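Below, each chain spelled out in residue letters.
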Amino acid sequence: MSIRICNLPFNSSFAPQPRARISSRRSTRVFARTENDTQQQLNLSVLRFTFGIPGLDESYLPRWLGYGFGSLLLLNHFSASVPINEPQLRSEALGLSLAAFSIALPYIGKFLKGSVVEQRTLPEEGEQVFVISSNIGDSLKEDLAWATYVLLRNTSTIAVLVSIQGELCVRGYWNCPDQMSKAQLHDWFKKKVDEIGLADVKETLYFPQYEGSSASWDILPNGTRSLFVQPFVQDINEQQKMNGFLLVASTAGYAYSDKDRAWIGAMAEKFRG
Amino acid sequence: MEARIILQIQILWNPNRQSFRRPCLHLPRFFIRASSSTSQKPRSYKGPKPSTNLVADFISRNDDLARSLPIYVGGASLLAVLFNRTVSGIAPVADASSSQSRADLLALGLAVTNLLTGLVWLSIRPKSITPVNPEGVDCKVVDSDLPTSIVSELLWGWESLKLATCCKSLVIVYNGICLIQIGMVAESPQDKKRVVVNTDKLMQGSVYRGVMKSKAQSYLANLSLYPGRSELPFLPANTQAVILQPLGDKGIAVIGGNTIRGFTSSDQAWISSIGEKLDATLGRYFVDSAEVSREKD
């Protein structure tokens, strides 16, 4: 027998509502019916609510409550009369550890399946560049133009760099000197890439929380949070395949899920030959 | 790296020589730099290495446990607060009079927050759907008149779909010809071999006409609910989801998957991009070959 608690739907989603509403009252109807499965069907979606204020992320509510209640606990501790008895110390310790756990809850929630991925933000300064090496044939140039366009559109990428046998195609927002001709820009990128030594990378590199690195990596635009490098898979048996790599960067943290990385690998496979 | 060959040529002083005018040793050294681009090894990678995030790995692997963790923490702290009260002999009265009760109230508030967060996480758990193995035969049939570049592009499309999505069957029909039929294919009951794609029947059917008219991708998330299922007899009978991608206005790509609602919106976007690319490539090839055949006549 299963008990189904039906709640009248009241702000049952995180979408911002036109009027600010706080769900404070809800009426419930409880009815039971026999079912063959033993799973209890609880409709918990009523617990999800939104204040309706645009830009306010309610999933961070435990963190604010943790900070607020934790500071109130400390205030209570220091304003109490000096000989604080042991039970109070115990409950304060419990309260503070609960506050610390609540503060960490949004961070844990980010890794659960089905969590909302951060949106990318375009960098304020810098312009878009689109440079292709002149040593590449026309059909390959077309393929590169299409692939870089698709990567910028279908993932949260803001900067793409493809290297095939040392020749580069660069597209998106990069931190490069302006007032350079396309050929000079290509050589500049090539020099920077050689300095980092990206051609030597053997496996995929994924930095979901990129903080900034040594001087050679300053070609990446400001605000880069995710970085993914996919080298073309090398097989000893296949000699005529091309070598190179594909680099994508985004301003959103944890921007490349497993599926995104699988698709980027498929793009790299296209250029391998 | 450049290979440097240092060649040292020493002219030794031959003691048997009669003239002793030059008793010194000549040691000219020749440095030959041999560097060719084909044998150049790339400079070794000097960048950051990705670090493992233990918390993220643990949570991704134990999703259910992580979702119910706040409930356990909140419930346990509720009980702990009450236990603390009873053990220390203070009456469990919830008012804000003494600082002990204030501290208890705050701890209770946090416990309730944790409980509710755990319940919210449980409510937004995505439903996990098991994939269904398609019944049929595995086949790989490519039209023999196509040049290798087109064949390799079609095969690349198949490999990427197979790797990144739940796709198990792919059929591409362009200009009235079935260019490729690959993956799991329905088995015809008469001769136990693959069902051949009847392109005329397909192109006259409502499914094809509907997709061509709307010029947009059509996603049939649960194929068993769709009445036009009978127009796709070449797909395995238990195909769960199908994406119909028009290739321009001359062709269609039929992509069958093994999970209900198995194609995410990101997959749909990628499939429409690949459809546009294939249309550009195939369109150009067929226009060229039409011109060539017209010139011959």
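Note that residues are indexed from 1 along each chain, following the sequence as it is written. Lettering for chains starts from A, numbering for ligands starts from 1, and both go in the order in which the items are written. Selection of residues for local features in this predicted model requires a pLDDT of at least 70, selection of side-chain atom pairs for listing and counting requires 80 or more, and totals for whole chains, interfaces and linings are taken over all residues. In computing side-chain values, all of the structure's heavy atoms are included and hydrogens and water are not.

As recorded in an unreviewed UniProt entry, chain B goes by the name Protein COFACTOR ASSEMBLY OF COMPLEX C SUBUNIT B CCB4, chloroplastic, listed as coming from Camelina sativa.

The name given to chain A in an unreviewed UniProt entry is Protein COFACTOR ASSEMBLY OF COMPLEX C SUBUNIT B CCB2, chloroplastic-like, with Camelina sativa as the source organism.

1. With respect to unusual backbone geometry
Residues and elements named next belong to chain A. Phi is positive for Gln165, which is not a glycine, with a value near 50 degrees. The phi dihedral of Tyr254 falls on the positive side, at around 50 degrees, and the residue is not glycine. Segments assigned H or I by DSSP are reported as helices when at least four residues long, segments assigned E as strands when at least two residues long, and all are numbered from the N terminus. Mapping Tyr254 onto the fold places it in the loop between β8 (244-250) and α5 (258-272). The partly exposed category is assigned to Tyr254, whose relative accessible area is 22%. Three labels apply to residues, based on accessible area from a 1.4 Å probe with only protein chains included: buried if under 20% of the type maximum, exposed if over 50%, partly exposed otherwise in between.

2. Notes on the pattern of salt bridges
All names here are of chain A. A carboxyl oxygen of Asp or Glu within 4 Å of a side-chain nitrogen of Lys or Arg is what we treat as a salt bridge. Per the stated rule, a full pass over the model turns up 15 salt bridges over all chains. Between Arg90 and Glu86 there is a salt bridge whose closest N-O contact spans 3.3 Å. Within this pair, Arg90 and its partner Glu86 are both found in helix α2 (residues 86-109), separated by four residues, close to a single helical turn. Using a relative accessible area of 37% as the deciding quantity, one classes Arg90 as partly exposed.

3. So, α5 of chain A
One less than the residue count of a helix, multiplied by 1.5 Å, gives the span that helix is expected to have. Its 15 residues place the ends of α5 of chain A 21 Å apart at the C-alpha level, agreeing with the 21 Å of an ideal helix rising 1.5 Å per residue. Of all the 15 residues making up α5 of chain A, eleven are buried; the element is thus mostly covered by neighbouring parts of the structure. Contacts are residue-level and defined by heavy atoms, with any inter-residue pair within 4.5 Å sufficient. Turning to α5 of chain A, the residues buried within the fold contact α3 (138-154), β4 (159-164), β7 (226-231) and β8 of chain A together with α4 (148-164) and α7 (265-296) of chain B. Downstream of α5 of chain A by a residue or two, Gly273 of chain A has a phi angle that is positive, lying close to 110 degrees.

4. Digging into the interface of chain A and chain B
Note on interface size: it is often stated as the accessible area lost on association of the parts. Listed as interface residues are 63 residues of chain A and, on the opposing side, 64 residues of chain B. Note on terms: buried area is the combined drop in 1.4 Å-probe accessible area of two parts once they are placed together, counting the loss on both. Buried surface at the junction of chain A and chain B, both sides included, amounts to about 5,500 Å², of which 69% is carbon and sulfur. For chain A, the biggest contributors to the area lost against chain B are Leu98, Leu112 and Trp263 of chain A; these three give 13% of the whole. Applying the counting criterion to the chain A and chain B interface returns four salt bridges. Looking at the side of chain A that touches chain B, the elements with two or more residues in it are α1 (61-79), α2, α3, α4 (182-196), β6 (205-207) and α5 of chain A. At 15 residues, α2 of chain A tops the list of elements feeding residues into the side of chain A that touches chain B. Polar here means any residue outside two lists: the nonpolar Ala, Val, Leu, Ile, Met, Phe, Trp, Tyr, Cys and Pro, and the charged Asp, Glu, Lys and Arg; Gly therefore counts as polar. Residues of the side of chain A that touches chain B, tallied by class, amount to 34 nonpolar, 15 polar and 14 charged.

5. A look at the pairing of strand β7 (residues 241-247) of chain B
Residues and elements named next belong to chain B. Counting buried residues along β7, seven of its seven residues qualify, which places the element largely inside the surrounding structure. Because side chains alternate across β7, one face comprises the buried residues Ala241, Ile243, Gln245 and Leu247, and the other comprises Val242, Leu244 and Pro246, equally buried. By this definition, two strands are paired if DSSP reports at least two bridges between them. For strand β6 (residues 218-220) and β7, the ladder comprises three bridges, and the chain directions are antiparallel. Following the sheet pairing, Ser218 is matched in β7 by Leu244. In terms of strand pairing, β7 meets strand β8 (residues 251-257) through seven bridges, oriented antiparallel. Looking at the pairing, Gln245 lines up with Ala253 of β8.

6. Quick notes on the sheet that holds β8 of chain A
All names here are of chain A. With antiparallel pairing, the six strands of this open sheet are ordered in space as β3-β5-β4-β8-β7-β6. The open sheet has two free edges, formed respectively by β3 (128-132) and β6, since each of these has just one partner strand. Neighbour-to-neighbour, the strand axes of this sheet turn through a mean angle of 10 degrees, independent of strand direction. Relative to β8, β7 is paired through six bridges, and the arrangement is antiparallel. Looking at the pairing, Leu227 lines up with Ala249 of β8. Note on definitions: angles span 0 to 180 degrees between N-to-C directions of axes, and those axes are lines fitted to C-alpha atoms, for helices only across the stretch in contact.

7. Description of the nonpolar core
By nonpolar core is meant a set of buried Ala, Val, Leu, Ile, Met, Phe, Trp, Tyr and Cys residues that side-chain atoms within 4.5 Å join together. Core analysis: the largest hydrophobic core is formed by 54 residues, its most contacted members being Val162 and Met267 of chain A together with Ile172 of chain B. Setting aside anything within four residues of it in sequence, one finds Val162 of chain A in contact with Leu144, Thr148, Glu167, Leu168, Cys169, Phe232, Phe245, Leu246 and Phe271 of chain A. Val131, Leu220, Leu227 and Ala249 of chain A belong to the second-largest nonpolar core, a separate cluster that totals 29 residues.

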